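# Coordinates in review
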Amino acid sequence: MTDIFAPDALLRILIAPDPVLRRTARPVGDGDADQVRALIPRMLASMYHAPGIGLAAPQVGVSLRLAVIDLQRDEQREPIILINPEIVARSSETEPHEEGCLSLPGQYADVVRPRAVTVRYLDEAGARQEVAAEGLLARCLQHEVDHLDGVLFVDHLSALKRNILLRRLAKAQRAKEG
Ligand code: GNR
Ligand code: NI
């Protein structure tokens, strides 16, 4: 397909250890409105295509506090656009659950996190929102906010497990000549 204009081109998702993934992203400000408006549909398309249930701007090389989440697919899509999200409450109760990450393809591990969180953010219209979540949404919210702080799910594991996953990823990437 010709794509010299490529208005709906998929964004390339950065793979660890790309340094952009380790940066603390800066808050979205008024001056970022155009970039953010253009980025949101492309991030959603890239997330659905991957497929993934979340995608943070640093994963596509943009160090801004912006992420998208959708636990649903296809006809049932319910995208959540998170601008400058903040976790304002966490349950003291934690639980383990298997996580993966589009920036650590093929790597999975059980991660212990608070089982419920409350997150404040701005939506795509700039309106203040607050969501109280548990289950997979709570997990994904924490995973995406982590990305904005340069944190990957493997950072919640022991150094031993983290190194095993990161080395396994590096080896798999070399094998596919990445
Ligand atoms: O697609 C994804 N699945 C997932 C599963 C468990 C916990 C978190 C996630 S997020 C991940 C997509 C991704 O890398 N988002 O940053
Ligand atoms: Ni991720």
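Residues numbered from 1 in each chain as written. Chains lettered and ligands numbered in written order. Predicted model: local features only at pLDDT ≥ 70, side-chain atom pairs only at ≥ 80, totals over all residues. Heavy atoms only, no water.

### Quick notes on the site of ligand 1
In the vicinity of ligand 1, 13 residues are found, and the nearest of them are Ile53, Gln59, Leu102, Glu144 and His147. Leu102 places a polar main-chain atom, nitrogen or oxygen, 2.9 Å from an oxygen atom of ligand 1. Within the side chain of His143, an N or O atom sits 3.1 Å from an oxygen atom of ligand 1. Protein coverage of the free-state accessible area of ligand 1, which is 390 Å², stands at 90%. Elements with a contribution of two residues or more to the shell around ligand 1: strand S4 (94–99) and helix H2 (135–148). Among the elements that take part in the shell around ligand 1, H2 stands out by supplying four residues, more than any other. (Near = heavy atom within 4 Å. Polar contact = N/O pair within 3.5 Å; in protein donor to acceptor, adjacent residues only side chain to side chain. Areas by Shrake-Rupley, 256 points an atom, 1.4 Å probe, with all protein chains shown as cover. Helix = DSSP H or I, 4+ residues; strand = E, 2+ residues; numbered from the N terminus.)

### Side note on unusual backbone geometry
In this chain, Ala16 is followed by Pro17 through a cis amide linkage whose omega measures 5 degrees. Relative to the assigned elements, Pro17 resides in the segment before helix H1 (33–49). Between Ala50 and the following residue, Pro51, the backbone shows a cis peptide bond with an omega angle of -5 degrees. Checked against the element boundaries, Pro51 lands in the loop between H1 and strand S1 (54–56). Of note, the phi angle at Asp74 is positive, near 50 degrees, even though the residue is not glycine. With respect to the secondary-structure elements, Asp74 resides in the loop between strand S2 (66–69) and strand S3 (80–90). Residue classification places Asp74 among the exposed positions, given a relative accessible area of 56%. Backbone geometry places Asn84, a non-glycine residue, at a positive phi of 50 degrees. Topologically, Asn84 is positioned in strand S3. (Buried < 20%, exposed > 50% of the residue type's maximum accessible area, 1.4 Å probe, protein only.)

### Some details on a nonpolar patch on the surface
A cluster of nonpolar residues, Ile53, Leu71 and Leu136, forms a patch on the protein surface that exposes about 210 Å² of accessible area. Inspection of the secondary structure assignment puts Ile53 in the loop between H1 and S1. (Patch = residues over 30% accessible without salt bridge, like charges linked within 9 Å, V, L, I, M, F, W, Y side chains within 5 Å. Salt bridge = Lys/Arg side-chain N within 4 Å of Asp/Glu carboxyl O.)

### Some remarks on the pattern of salt bridges
In this structure the tally under the stated criterion is ten salt bridges. Arg22 is the partner of Asp155 in a salt bridge, and the nearest nitrogen-oxygen pair spans 2.6 Å. Taken together, the residues span a long stretch of sequence, with Asp155 in the loop between H2 and helix H3 (159–175) and Arg22 in the segment before H1 at a distance of 133 residues. Relative accessible area serves as the criterion here: at 27%, Asp155 is assigned to the partly exposed category. The exposure class assigned to Arg22 is partly exposed, which follows from its relative accessible area of 41%. In this structure, Glu130 engages Arg120 in a salt bridge whose closest nitrogen and oxygen atoms are separated by 2.7 Å. Highlighted residues: Glu130 in strand S7 (residues 128–134) and Arg120 in strand S6 (residues 116–122), separated in sequence by ten residues. Using a relative accessible area of 45% as the deciding quantity, one classes Arg120 as partly exposed. Linked through salt bridges whose partners overlap, the residues forming this network are Glu99, Arg113, Arg139 and Asp146.

### Quick word on the environment of Arg12
On the secondary structure map, Arg12 appears in the segment before H1. Taking the C-alpha atoms as reference points, Arg12 and Gly61, separated by 49 residues in sequence, lie 8.3 Å from one another.

### Observations regarding the sheet that holds S1
Strand pairing in a sheet is mediated by backbone hydrogen bonds. Such pairs are either parallel or antiparallel. The strand order across the open sheet built from five strands is S1-S2-S3-S6-S7, with neighbouring strands paired in antiparallel fashion. Edge positions in the open sheet fall to S1 and S7, since each of these has one partner strand only. Along the sheet, successive strands turn relative to each other by an average axial angle of 40 degrees, direction set aside. Contacts from H1 reach S1, S2 and S3, with the element oriented near 40 degrees to S2. This element, H2, spans S1, S2, S3, S6 and S7 of the sheet and lies at about 125 degrees to S7. (Pairing = 2+ DSSP bridges. Axes fitted to C-alpha atoms, helices over the stretch in contact; angles between N-to-C directions. Contact = heavy atoms within 4.5 Å.)

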